[in-house]
Amino acid sequence: MKKVLLALTALTLLATGAEARTWAEIKKSGTVKVATEGAFPPFNLMKGKTPTGFEVELAEALGKQLGLKVQWTVLPFDSLLIGLNQDRYDFVIASHGITPERQKAVDFSSPHYCTGGAIVTRPGGPLTAKALAGKSVAVQVGTTYLENVRKVPGVRDVKTFPKDTDAQAALMAGRVDAWVGDKFTGLDLVKAQKGKVVQGELLFREKIGMAVKKGNATLLGELNAALSKAQANGTYAKLSKQYFGQDVRCR
Ligand code: ARG
């Protein structure tokens, strides 16, 4: 029995390439490897070839506090947690809502912000969950928006897009009646497209966290400690104010 178990463990190790790097290994290397999408402004976006945004700057600040350089990997949203489980990087920061489903696959940090999924539509369009009945809605694939729009009774059609910005573009082009996305992203869109779109009801609330490979407790502990410190010493508040004009931490 023991032999069989050992063989199985070896196989799993082979399949995934290696074990997740522990805190001690990361610390020794001097660099923490972080992945994001780079297409979810203002949380994570690309400035040329360099990722930036609230979450990117937050991760950089946490890295600095931990005495580490940050090395970025940029991947499509729906590949991020898969790559994490293949040990391609140490953690993911890409606005993942902490859901029971995702918690089966990865471990989440304490939330690094609190938000919700909101409806955005053109003037005269559906502003409430009730008004979505019979309407077509655009959402990014693999998101909590998709999961929650599916629960709204009577929605005629849910169109999924690889990128959230494509889902927004579908709304602007009149190809759907509404887009459901992050409430802060929605506010930015309303500001940028003055008079062309309006924000409606919040469909659901969520806590957003960073993801580490399941069981990587040492790294998780360090990330949580660094986040609390950033939230206590003003680093977090400053960054949040800069991006949102308010403090977006969970309270
Ligand atoms: N908060 C939503 C979710 O948990 C959307 C996240 C999308 N993130 C991104 N980088 N596109 O699914």
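Reading the values: the criteria
- Residues numbered from 1 in each chain as written.
- Predicted model: local features only at pLDDT ≥ 70, side-chain atom pairs only at ≥ 80, totals over all residues.
- Heavy atoms only, no water.
- UniProt positions renumbered as here; feature names shortened; annotations may be inferred.
- Helix = DSSP H or I, 4+ residues; strand = E, 2+ residues; numbered from the N terminus.
- Pairing = 2+ DSSP bridges.
- Near = heavy atom within 4 Å.
- Polar contact = N/O pair within 3.5 Å; in protein donor to acceptor, adjacent residues only side chain to side chain.
- Disulfide = S-S within 2.5 Å.
- Buried < 20%, exposed > 50% of the residue type's maximum accessible area, 1.4 Å probe, protein only.
- Salt bridge = Lys/Arg side-chain N within 4 Å of Asp/Glu carboxyl O.
- Expected span 1.5 Å × (residues − 1).
- Arc of directions from axis to C-beta.
- Contact = heavy atoms within 4.5 Å.

The protein chain carries the name Amino acid ABC transporter substrate-binding protein in an unreviewed UniProt entry, which gives Deinococcus wulumuqiensis as its organism. We quote the UniProt Sequence similarities (unreviewed entry) comment for the protein chain here in full: "Belongs to the bacterial solute-binding protein 3 family." According to UniProt, the comment filed for the protein chain under the heading Subcellular location (unreviewed entry) is "Cell envelope".

(A) Structural context of the environment of Arg150. Here Arg150 shows up in helix H6 (residues 144-150). Arg150 sits 112 residues away from Gly38 along the chain, and the two C-alpha atoms are 26 Å apart.

(B) Highlighting the sheet that holds strand S3 (residues 44-47). Reading across the sheet, the three strands line up as S2-S3-S4 and stay open at both edges, with antiparallel pairing between neighbours. Edge positions in the open sheet fall to strand S2 (39-40) and strand S4 (50-52), since each of these has one partner strand only. Summarising the sheet, S2 and S3 pair through two bridges and their orientation is antiparallel. Considered in S3, the bridge of Phe40 is made with Asn44.

(C) Main features of the site of the ligand. Close to the ligand lie 15 residues; Glu37, Ser95, Gly97, Arg102 and Glu206 are nearest. Here a nitrogen atom of the ligand and a side-chain polar atom of Asn44 are 3.4 Å apart. Interatomic distance of 2.7 Å between a backbone N/O atom of Gly97 and an oxygen atom of the ligand. Of all the secondary-structure elements, those providing two or more residues to the shell around the ligand are strand S6 (91-97), H6 and strand S12 (198-213).

(D) Structural detail: the UniProt feature "domain: Ionotropic glutamate receptor C-terminal" (unreviewed entry) in the protein chain. When the UniProt feature table is mapped onto this chain numbering, "domain: Ionotropic glutamate receptor C-terminal" (unreviewed entry) sits at residues 31-246. The annotated region residues 31-246 carries 34% helix and 33% strand content, and the separation between its end C-alpha atoms amounts to 31 Å.

(E) Region of the structure containing the state of the cysteines. In this structure the tally under the stated criterion is one disulfide. Note on cysteine connectivity: Cys114 is disulfide-linked to Cys250, with sulfurs 2.1 Å apart. Taking the torsion about the sulfur-sulfur bond, which here is approximately 100°, the covalent link between Cys114 and Cys250 counts as right-handed. Within this pair, whereas Cys114 is found in strand S8 (residues 113-121), its partner Cys250 is found in the segment after helix H10 (235-244), the two being separated by 136 residues in sequence. Classification of Cys250 as partly exposed rests on a relative accessible area of 22%.

(F) Just the pattern of salt bridges, in detail. Counted under the stated rule, the structure contains seven salt bridges. Of the charged contacts in the structure, one is a salt bridge between Lys213 and Asp87, with a shortest N-O distance of 3.0 Å. Linking Lys213 in strand S12 with Asp87 in the loop between helix H4 (80-85) and S6, this pair joins segments that are 126 residues apart in sequence. Judged by its relative accessible area of 12%, Lys213 is buried. One salt bridge connects Lys159 with Asp157, and the closest N-O pair in it is separated by 3.0 Å. One network of salt bridges, in which partners are shared, links Asp247, Arg249 and Arg251.

(G) Helix H9 (residues 217-232), seen in detail. Along its 16 residues, H9 runs 22 Å from first to last C-alpha, staying within 8% of the 22 Å computed at 1.5 Å per residue. Inspection of H9 places Leu219, Leu220, Leu223, Ala226, Leu227 and Ala230 among the buried residues, and these make up the whole buried set. Around the axis of H9, the buried residues are gathered within 130° of arc, so they sit on the same side. Exposed side chains of H9 directed beyond 90 degrees from the buried face belong to Ala217 and Ala232. Considering only its buried residues, H9 is in contact with helix H2 (23-29), helix H3 (54-65), S6, strand S7 (106-108), S12 and H10. Just beyond H9, the residue with positive phi is Gly234, at close to 95°.

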